[in-house]
Amino acid sequence: MIKDIIDKNNSVIPGSNELEILREHFPACFKKDGSFDIVRFQEYLKDKVEVTDEGYELRFLGKNYARMLASLDTTTVIVPDETHNSLPENKDSKNIYISGDNLDALKHLLKSYAGQIKCIYIDPPYNTGSDGFVYNDNFNFTAEELSTKLSISVDKAQRVLDLTRRGSASHSAWLMFMLPRLILARDLLSKDGVIFISIDDNEQSNLKLLCDDIFGEENLICSLIWKKRQMVDSRTKNGASKDHDYLLCYGRKEDCRILGKESDKSKYSNPDNDSRGPWMSADMTGLATESQRPNLHYDLTNPSTGITYPCPSTGWRYEPKRMAELVANNEVIFPADPTGRPRRKKFLSDLESEYTGLSSILETVYSTQGTRELRELYDGKEYFDFPKPVDYIKLILTQGIAPTDKDSVYVLDFFGGSSSTAHAAMQLISEGNELNYILVQIQAPFEKETEAFKAGFKTIDEFGFDRIKRAAKKIETENPLFHGDLGFRHFTLMEPSGIALEKIIRFDKNTAFGDNTLMDEFGVPTILTTWLERDGYGLTSDYHSLDLGGYMAYYIDKHLYLINPDLSDEAVAILLDKYQTEASFNPQNVVIYGYSFGWNELQSLKDSLQTVQAGEKNLRINFEIRY
């Protein structure tokens, strides 16, 4: 498990994930020594893609280091909150709250949720100089090691490490912080998924270039502007009132789109009882001068009254033949006054979509609403600065998910903060939308002088956790007939202790005995939860406990997990019998916690399982030992 990850991480270089994708789809472009043959790759693209060695890109100190961080696996384990998760409202919930660093969380989530997230909304630190952002990470590279990994000078490697270790709020540090997280977020999005990112002027231009690099410039859907302030600020230093933030929106693919604004159907009526249903009056004036489009410039006559209407200066929208068809179909509205302008009937039934374009200026919800919402939940107390309004987040989420999404979809916020996103998602769930949420929030401490700390909240994730429960109760009170999923399952990401890490590194796989203290360090629920996520079953899957004559094993679908020590010969015999006699029992992957078993025990178990492969089921069993 952790030992395997540490060994793998030692060989990671910038672009490792991208190279794996190329190796899978273009194996002929790799030489015997593993190097990539760019010339041969260009031959594959010849006549299909214009290949150029010139380009424009965002460059900053630590960019390759940040790309390498995206390729490194996490050594954290996933600790389930068993008490909370076993409560009736939570035990079957598909909603997820993760306490921990979002970089680690995204790496865990990718193993089960890659390509499954329909909508991501994040409100990252804005790097204003007063929002508390400083870059820190816990990767302990030396300058010499980093120099080798990134193929840069030791001096430059040291400059990168200085950004990570001393804590920096520079533009380079902020971009280095965001890049790996956005790369992982991109890979979590479904093919029709979209991501929304809140930002202000401090990093908006840099974030736009970074997202162009990661998602593709062609996948920008819109740069929205949120008018967050209702009143102009008169206390300005430079005379300008900063009343807006930006909301960048990118799609996973070029054909991705947001929902748009629901069409205003109130303009449609049927005063003449037209059999084709409600209609509205639409302009037929053209946009071209007579010299530009002479075929669109002509006088129009009402065949019923003989009244002729002069051609507009910019002509008509339709040429004479098409206009005659509209007149014959009673689709042209002729005014009684000869100086009036004929218009066309636009039928409600002809609408191609019930939605029109969403204005890029969002000015229906103001930031003060978020503060009022938290006051209502906490009896007038203010525990969190500048929480996003629930209606604002609802607007964003509904742009990312569509009413046509029949199956439940996941929305993700990996800068969970005060949990406004979870609150908004629960309101949408109570309104009949099929969705579930995943929130991630690092255990950042509140300052001791803050009201939140004085009220008993030591960390931001504790407050976010509590806000979700209060919001759920409020929604239940307001919707007594609703019985949907307002619970959530809680997990915490933890690094192994120094003692455990030392034992992991020193453990000898060929020893005659295992080391049960490592199993005690993490506990079976943590090991099992981490493995279920790693093997693609997610964080809300239901596994089965399997009693093998007093030895407890666990299985789900195609995986059988042996974690506990002291696997007796009797337990192995019962397991073999289940394989051979029960038609529905056929897990093809036997995964073993290597520290719980000695070398002889593992060999004996492997030999015993080989007899199953030769049995009537003819199963091919994959035997995997994890350290």
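Up top is the structure these notes are about.
Residues numbered from 1 in each chain as written. Predicted model: local features only at pLDDT ≥ 70, side-chain atom pairs only at ≥ 80, totals over all residues. Heavy atoms only, no water.

Peer 1: How should the overall build of the protein chain be read in this particular structure?
Peer 2: Across its full length, the protein chain carries 21 helices and 22 strands. The C-alpha extent of the protein chain, read off along each of the three principal axes, is 105 × 70 × 65 Å. By residue count, 48% of the 627 residues in the protein chain fall in the buried class. Contacts in the protein chain between residues far apart in sequence, at least 24 positions, make up 75% of those at least 6 positions apart. Summed over all atoms, the accessible surface of the protein chain reaches about 32300 Å², with 49% contributed by carbon and sulfur. Mean positive and mean negative side-chain charge positions of the protein chain (72 and 96 charges, respectively) differ by 3 Å. (Helix = DSSP H or I, 4+ residues; strand = E, 2+ residues; numbered from the N terminus. Buried < 20%, exposed > 50% of the residue type's maximum accessible area, 1.4 Å probe, protein only. Contact = heavy atoms within 4.5 Å. Areas by Shrake-Rupley, 256 points an atom, 1.4 Å probe, with all protein chains shown as cover. Lys, Arg positive; Asp, Glu negative; His and termini not counted. Charge placed at Lys NZ, Arg CZ, Asp CG, Glu CD.)

Peer 1: Explain a positive patch on the surface here, please?
Peer 2: Among the surface-exposed residues, Lys-261, Lys-267, Arg-317 and Lys-346 lie close enough to one another that they form a single positively charged patch. Looking at where Lys-346 falls in the secondary structure, it is placed in strand 12 (residues 343-347). For Lys-346, a relative accessible area of 39% translates into the label partly exposed. (Patch = residues over 30% accessible without salt bridge, like charges linked within 9 Å, V, L, I, M, F, W, Y side chains within 5 Å. Salt bridge = Lys/Arg side-chain N within 4 Å of Asp/Glu carboxyl O.)

Peer 1: For this particular structure, what's the right way to read a negative patch on the surface?
Peer 2: Residues Glu-217, Glu-218, Glu-254 and Asp-255 make up a contiguous surface patch of negative charge. When you line up the elements, Glu-218 lands in the loop between helix 10 (204-215) and strand 5 (220-227).

Peer 1: I would appreciate a short explanation of the sheet that holds strand 16 (residues 435-441) in the present structure.
Peer 2: Note: strands within a sheet are paired through backbone hydrogen bonds, in either parallel or antiparallel orientation. Pairing within the open sheet is mixed, and its ten strands lie in the order 1-17-2-16-15-3-4-6-5-14. Edge strands, defined here as strands with exactly one partner in the open sheet, are strand 1 (77-80) and strand 14 (361-362). Pairing between strand 3 (residues 117-122) and strand 4 (residues 189-199): five bridges, direction parallel. Across the sheet, the residue bridging to Ile-117 is Leu-189, located in strand 4. Taken strand by strand, helix 10 contacts strand 4, strand 5 and strand 6 (244-251), and its axis lies near 5° from that of strand 6. (Pairing = 2+ DSSP bridges. Axes fitted to C-alpha atoms, helices over the stretch in contact; angles between N-to-C directions.)

Peer 1: Can you help me understand the pairing of strand 15 (residues 409-413) in this one?
Peer 2: Side chains on a regular strand alternate between the two faces of the sheet. The buried fraction of strand 15 amounts to five of the five residues, a majority that puts the element mostly inside the structure. Here strand 3 pairs with strand 15 via three bridges, running parallel. Bridge pairing in strand 15 places Ile-117 opposite Tyr-410. In this structure, strand 15 lies alongside strand 16, joined through five bridges in parallel fashion.

Peer 1: Hey, could you run me through the pattern of salt bridges in this one?
Peer 2: One side chain can pair with another of opposite charge once the charged atoms of both are near each other. Summed over the entire model, instances satisfying the criterion amount to 27 salt bridges. Residue Asp-245 is joined to Lys-228 by a salt bridge in which the shortest nitrogen-to-oxygen separation is 3.4 Å. Here Asp-245 is found in strand 6, whereas its partner Lys-228 is found in the loop between strand 5 and strand 6, with 17 residues between them in sequence. Classification of Lys-228 as partly exposed rests on a relative accessible area of 22%. Notably, a salt bridge pairs Glu-325 with Arg-322, separated by 3.1 Å at the nearest N-O pair.

Peer 1: Explain the nonpolar core to me, please; I cannot follow it from the model alone.
Peer 2: Generally speaking, nonpolar side chains in soluble globular proteins are found buried as a group. Formed by 67 residues in total, the largest nonpolar core has its most connected members in Tyr-65 and Leu-182. When residues in this core are grouped by element, the largest group, twelve residues, is from helix 9 (residues 171-188). Contacts of Tyr-65, omitting those with residues within four sequence positions, involve Tyr-135, Asp-137, Phe-139, Phe-141, Leu-146, Leu-150, Val-160, Thr-164 and Met-176. By size, the runner-up hydrophobic cluster in this structure holds 47 residues, among which are Val-390, Val-411, Phe-446 and Ile-460. (Core = buried A, V, L, I, M, F, W, Y, C linked by side-chain atoms within 4.5 Å.)

Spatial relationships are all this shows, so hold off on functional conclusions.
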